[in-house]
Amino acid sequence: MKPTKGRIAFNIFNYTALVVLSLIFVVPYIYIISASLSDEIAFVKNGFTFLPVKWSLEAYHFLLTTDDQMLRSIGNSLILTIGGTLVTTAVSMLYAYPLSKKYLRGRKFFSIYMIFTMLFSGGLVPYYLTVSEFFDDSLLAIIIPGAMAPYYAILMRNYFMSIPSGLEEAAKIDGATDFQILRKIYIPLSLPVIVTVALFAAVSNWNNFVGPMLFITSRDKYPLQYLIQQLLDDVSGIYASAGNVIIPQQTLQYAAVILGSMPMILLYPFLQKFYINGMVMGGVKE
C-alpha cells in the first residue's frame with residue numbers, strides 16, 4: 001500500500017523530532033564523559049570538548065583508589081537497589097493480585113484507598129518524624145517506606161486482569177491454593193510487567209538521594225547518589241583525609257556522575273523488550 005502524503009509528512013516530522021530530542025539528551029552526556037576522561041589542567045584550560053584534548057583516567061583512579069568511600073557508597077547503593085527492588089516488587093504484586101479478582105469483597109474500597117495515597121499525603125514533616133522514629137540512620141528508612149508503590153500495583157493489577165480466568169479455575173479444580181496459582185501461573189505469565197516494575201523500582205532506588213539526605217547521617221552508609229551530591233557541593237571536604245594529594249576537582253565530579261548513571265543506562269537495553277510489553281499491557285484496563 002502506497003503511503004499517503006499525510007503519512008509521509010508525519011514520518012518526516014516524527015523522525016526529525018526523535019533525532020533532535022535524542023541529540024538533546026545524548027550530546028551533553030557525551031561532553032560529560034569527555035570531561036571525565038580529560039586531564040584536569042587541560043580541561044580547565046580548554047573547557048568542554050567533544051573529545052578530550054588530553055586523555056587521562058586520573059579522576060576515576062582517584063575516586064576508586066584514594067579513599068574507600070566511593071566503593072562503600074557503591075556497595076550501599078547495590079544493597080539499597082537490590083533490597084528495595086525485591087521488597088517493592090513483591091509487596092506491590094501481593095497487593096495487586098487480589099485486586100485483580102472481581103469476586104474480592106471490598107475490592108473497590110481497597111482500590112480507592114490505594115489511589116487516595118497517590119493523591120494525598122501526610123506531608124514531609126510527619127513522614128520524617130515517623131520514619132526516623134523507627135529507623136535511625138539505616139537504609140531500611142528508605143526501603144521500608146517505599147515497599148508499597150500504588151502506580152506499580154495498578155500496572156500489575158491491570159496485567160493480571162488480562163490473564164484468562166479459566167486458568168485459575170482449572171487450577172482450583174486441581175486443588176491449587178491462591179499462592180500456588182500466583183506462583184505457578186500468574187508470575188510466569190506476567191514476567192513483562194514484573195520486570196517493568198522491577199526496572200522502575202531499581203532506577204528509583206539507585207537514583208535516590210533525598211531519602212539518604214533525610215535519614216542517613218553516617219558517612220559510611222552514604223549511597224552513591226548522595227555521595228555524588230556531596231561531591232558536587234564540596235569535593236575538598238569529602239576527600240579532606242587525602243592529605244597532600246592533588247585532587248582533580250572538576251574532572252572528579254564528572255567521573256562521579258558517570259559512575260552513578262552508567263549502571264542503569266547499561267541495564268536498560270537488556271530489559272527493554274519486557275519494559276515495552278509490560279507498559280502496554282499493564283496500562284490497559286479491560
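Below: a short report on this structure. (Residues numbered from 1 in each chain as written. Predicted model: local features only at pLDDT ≥ 70, side-chain atom pairs only at ≥ 80, totals over all residues. Heavy atoms only, no water.)

## Re a nonpolar patch on the surface
1) Next: Nonpolar side chains collect at one region of the surface, where Ile115, Phe116, Met118, Leu119, Phe120 and Tyr151 lie side by side and expose about 630 Å² of accessible area between them.
2) Next: No other element matches the four residues that helix α5 (residues 107–119) contributes to the nonpolar patch.
3) Next: Position of isoleucine 115 relative to the elements: it lies in helix α5. (Patch = residues over 30% accessible without salt bridge, like charges linked within 9 Å, V, L, I, M, F, W, Y side chains within 5 Å. Areas by Shrake-Rupley, 256 points an atom, 1.4 Å probe, with all protein chains shown as cover. Salt bridge = Lys/Arg side-chain N within 4 Å of Asp/Glu carboxyl O. Helix = DSSP H or I, 4+ residues; strand = E, 2+ residues; numbered from the N terminus.)

## Here's the deal with the packing of aromatic side chains
1) Next: In the structure shown here, the tally under the stated rule is 16 aromatic pairs.
2) Next: With a centroid separation of 6.1 Å and 80° between ring planes, the pair formed by tyrosine 97 and phenylalanine 160 is classed as edge-to-face. Of the two residues, tyrosine 97 sits in helix α4 (residues 69–99) while phenylalanine 160 sits in helix α8 (residues 150–161), which places them 63 residues apart along the sequence. In this structure, tyrosine 97 and phenylalanine 160 share a single accessibility class: buried.
3) Next: Between the aromatic rings of tyrosine 128 and phenylalanine 215, the centroid separation amounts to 5.6 Å while the plane-to-plane angle is 15°, which identifies the pairing as stacked. Placement of tyrosine 128 in helix α6 (residues 124–134) and of phenylalanine 215 in helix α12 (residues 210–215) is noted, with a sequence separation of 87 residues between them.
4) Next: A residue is classified by how much of its surface remains accessible, and tyrosine 128, at 35% relative accessible area, is partly exposed.
5) Next: These aromatic residues form a ring-pair network of at least three members: Phe43, Phe48 and Tyr254. (Phe/Tyr/Trp six-rings, centres within 6.5 Å; stacked < 30°, edge-to-face > 60°. Buried < 20%, exposed > 50% of the residue type's maximum accessible area, 1.4 Å probe, protein only.)

## Quick look at unusual backbone geometry
1) Next: Although it is not a glycine, aspartate 137 sits at a positive phi angle of roughly 55°.
2) Next: Considering the arrangement of structural elements, one finds aspartate 137 in the loop between α6 and α7 (140–143).

## Thoughts on the side chain of threonine 88
1) Next: In this structure, threonine 88 sits in helix α4.
2) Next: In this structure threonine 88 comes out as buried when scored by relative accessible area, which is 5%.
3) Next: At a separation of 2.8 Å, a polar atom in the side chain of threonine 88 contacts the main-chain carbonyl oxygen of glycine 84. (Polar contact = N/O pair within 3.5 Å; in protein donor to acceptor, adjacent residues only side chain to side chain.)

## Details of the nonpolar core
Most often, soluble globular proteins have nonpolar side chains that are buried together.
1) Next: Formed by 23 residues in total, the largest nonpolar core has its most connected members in Met93, Tyr97, Met156, Phe160, Ile181, Tyr186 and Val193.
2) Next: Contributing elements (two or more residues each) for this core: α4, α8, α10 (178–189) and α11 (191–206).
3) Next: With seven residues, α8 is the largest single contributor of residues to this core.
4) Next: Apart from residues lying up to four places away in sequence, phenylalanine 160 is in contact with Met93, Ala96, Tyr97, Ser100, Tyr186 and Ser190.
5) Next: In this structure, Tyr29, Phe62, Met70 and Ile228 belong to the second largest nonpolar core, which totals 18 residues. (Core = buried A, V, L, I, M, F, W, Y, C linked by side-chain atoms within 4.5 Å. Contact = heavy atoms within 4.5 Å.)

## Observations regarding the layout of surface pockets
In this approach a probe as big as a water molecule rolls over the atoms, and the regions it shows empty are the leftover space.
1) Next: Put simply, the largest pocket is a space of about 820 Å³.
2) Next: Every residue lining the largest pocket is counted, 32 residues in all, and those nearest its centre are Tyr127, Pro145, Gly146, Ala147 and Met148.
3) Next: Contributing elements (two or more residues each) for the lining of the largest pocket: α4, α5, α6, α7, α8, α11 and α12.
4) Next: Class assignment of the residues belonging to the lining of the largest pocket gives a composition of 21 nonpolar, eleven polar and no charged.
5) Next: In this structure, the second largest pocket spans a volume of roughly 230 Å³.
6) Next: Together, 13 residues line the second largest pocket, and Ser100, Lys101, Lys102, Ile163 and Ser165 are the ones closest to its centre.
7) Next: When contributions to the lining of the second largest pocket are tallied by element, the ones reaching two or more residues are α8 and α9 (165–173).
8) Next: Here the element with the most residues in the lining of the second largest pocket is α9; it accounts for four residues.
9) Next: Each residue belonging to the lining of the second largest pocket can be placed in one class, and the counts come to five nonpolar, two polar and six charged. (1 Å grid on protein atoms, 1.4 Å probe; cavity = no way out; pocket = protein on both sides within 12 Å on 5 of 7 lines; lining within 4 Å. Points joined across faces, edges and corners; volume = space filled by probe spheres on them. Nonpolar A, V, L, I, M, F, W, Y, C, P; charged D, E, K, R; others polar.)

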